[in-house]
Every structure is written in structure tokens, then in C-alpha cells.
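Coordinate inspection notes
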Amino acid sequence: MIRVLIADDEKPARGRLVSFISEYPDFLILGEASDGQETVTQVNRLEPDVLFLDIQMPKNNGFEVLQQLTCDPVIIFTTAYDEYAIAAFDVHALDYLLKPFSKERFSSTAALIKKILLDPVDYKERVRSAVGQIVSGGTYLERITVKDRHVYSIIPVQNIQCIKTAGGLVYIQTKEREFQTDTTLNQFEQRLDPSMFMRIHRTAIVNLERIEKILPWGQRRFALVLENGNSLHISRDRLQEFKSRVGLKV
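Predicted model only: the values in this text are computed from it and were never measured.

Comments concerning the overall build of the chain
Scanning the chain from terminus to terminus reveals eight helices and 15 strands. For the chain, the spread of C-alpha atoms along the principal axes amounts to about 70 × 35 × 30 Å. For the chain, buried positions account for 49% of its 250 residues. Look at the contacts in the chain between residues 6 or more apart in sequence, and 57% of them connect residues 24 or more apart. Of the roughly 12700 Å² of accessible surface on the chain, a fraction of 49% belongs to carbon and sulfur atoms.

And the structure:
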């Protein structure tokens, strides 16, 4: 039997995989996980042969999960992730299921899994190499995919006004609206082009190209106003860098 674990924070997505996998009598579903921490715990305890792994999950994303595993299952990514990650998968000839995927698309994955398990060493090495490339951030994000209720919204990074935290949550603001995301500010800071974006405060990253005004705010302090009308304070420890980046000579 091929022992399988499903990790996805969306119950309908897990249900879809369960439905498809159940049609294969040589596949055994060991369990399901709904966030990154639960995935790490279950994989390390159950040691499945195959892990269907969503990339965007709370409490550790898919890449962070892989760094914490003590066993080495075959990984099939299930994702609506940005094109940079998908390009990395393609380069290393890894398999991924791009949501929403069909039963026919899943059947090719099932066949590949059986082939991989005959000699999994090379495949697992390519997975580690691809994940290392993605995590290291060798290429900056060009777009960000976020869950918006039951669909995915794709945001070109040039449309972002700022990314900020409020009440323990992270929000991406465009000129028109705001999206919540599970990705942290630190993760965004590592993967956004620093020629366009700057962290001006521990709670905010701004798109320098979307700044409309810079205003004095108290003694040797400044605030900025974005195109969407929102204002953000610049922390003292980031001020000199900010002034240099935007050519502010006061």
C-alpha cells in the first residue's frame, strides 16, 4: 500500500483529494492536516510514503514544513502559488497540482507517484534542491497570490501600496482594496525587490513608487502618504535609509 497524508488548510481542497485518492485501491490515506504545525507533527509521527502539501498554510507554510521533517516522503505540491515557485518546480522536473485541478490531472500524478516510489532517491534530492532555490529567494516576486474567500486573487507587486500588520494579522493593500495573508512581513521583506520596496517600520513595508507625499511629524520624524490616501509613520531607525532612498534632503 502507498501510505498518503494530505496537508491543506482548506477543507474542500482536502475533500477533493480524498475523493480522487479513494478511487485508487493501492493508496491508503493515513490522515489530514489543516496547518503547517499539524502537518509536521503528523508526518513525523506517521512517516507516510507520500505527502500532498499545500504551500500557503497558516502556522508554517509548505516550505517551512519541509525544513522540519524528520522523515523523507515523496512530496506532491498542491498550490495556487506565484509563477516563480512554479518555474522552480518545472526546472527540477517536480510534480505539482495547480488548483483547481481535475481528476484527469490527478491521474497523471498518481501514475508518477507509483513510478517515483520504485526509485525515490533522485526525486527526493531534486525536491530538496528546488525548495532550497525557492526559499533562498534567488528571484524576487513578481506577483502574490492570496486567498480571497473561496477564490485566489493574484496581485502584481507593482500594484501593492503597502504590506502591514494590524491586530496580529498581515494585510496587503492595493489602491482599491485590502487582502489578508498568512505570509509574514519578514518573509515578504526577503522576497520583494528592495529597489522597489522598503520596510519603514517593524509593522510596515511600502512600495516606494506609490508614495504621494512625505510629511513632517513631530521633531525629526516623518510620515508618508500613499496613493490610496493611507498614511504611515517612518520609524527613527529607518529614517536615514528612507531619506537616502527617496532623495529627501532635510
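Okay, back to it.
Some points on the environment of Arg210
In this fold, Arg210 is placed in the loop between strand E12 (204–207) and strand E13 (211–216). Put simply, Arg210 and Leu226 are 16 residues apart on the chain and 5.7 Å apart in space, counted from C-alpha to C-alpha. The contact partners of Arg210, leaving out residues within four places of it in the chain, are Gln158, Ile160, Gln161, Val225, Leu226 and Glu227.

Describing the pattern of salt bridges
A complete count under the given rule lists 10 salt bridges for this structure. For the salt bridge of Arg143 with Glu142, the shortest nitrogen-to-oxygen distance reads 3.8 Å. A salt bridge links Arg238 to Glu189, with the shortest nitrogen-to-oxygen separation between them at 3.9 Å. Here the residue Arg238 occupies a position in helix H8 (residues 236–246), and Glu189 occupies one in helix H7 (residues 185–191), the gap between them amounting to 49 residues. Looking at Arg238, the relative accessible area reads 23%, which means it is partly exposed. Classification of Glu189 by relative accessible area gives partly exposed; the value is 36%. Residues joined by salt bridges that share partners form a network here, namely Asp8, Asp54 and Lys99.

A look at the pairing of strand E9 (residues 169–174)
The element E9 is largely enclosed, with a buried count of five among its six residues. The antiparallel pairing of strand E8 (residues 160–166) with E9 creates a hairpin that spans two residues between the two strands, and Gly167 there sits at a positive phi of about 60°. The sheet contact formed by E9 and strand E10 (residues 178–181) spans four bridges and is antiparallel. Along E10, the bridge assignment pairs Tyr171 with Gln180. Connecting the antiparallel pair E9 and E10 is a turn made up of three residues.

Thoughts on the sheet that holds strand E3 (residues 50–54)
If you walk across this open sheet you meet the five strands as E2-E1-E3-E4-E5, and the pairing is parallel. Bordering the open sheet on either side are strand E2 (27–33) and strand E5 (96–98), each of which pairs with just one other strand. The sheet shows a mean angle of 20° between the axes of neighbouring strands, direction not considered. In this sheet, E2 lies alongside strand E1 (residues 2–7) in parallel orientation, the contact comprising six bridges. Paired with Ala7 across the bridge in E2 is Ala33. Against the sheet, helix H1 (residues 11–21) contacts E1, E2, E3, strand E4 (74–79) and E5, and its axis sits at roughly 170° relative to E2. On the sheet, helix H2 (residues 36–46) packs against E1, E2 and E3 and is oriented at approximately 145° with respect to E2.

About the cut-offs
- Residues numbered from 1 in each chain as written.
- Predicted model: local features only at pLDDT ≥ 70, side-chain atom pairs only at ≥ 80, totals over all residues.
- Heavy atoms only, no water.
- Helix = DSSP H or I, 4+ residues; strand = E, 2+ residues; numbered from the N terminus.
- Buried < 20%, exposed > 50% of the residue type's maximum accessible area, 1.4 Å probe, protein only.
- Contact = heavy atoms within 4.5 Å.
- Areas by Shrake-Rupley, 256 points an atom, 1.4 Å probe, with all protein chains shown as cover.
- Salt bridge = Lys/Arg side-chain N within 4 Å of Asp/Glu carboxyl O.
- Pairing = 2+ DSSP bridges.
- Axes fitted to C-alpha atoms, helices over the stretch in contact; angles between N-to-C directions.

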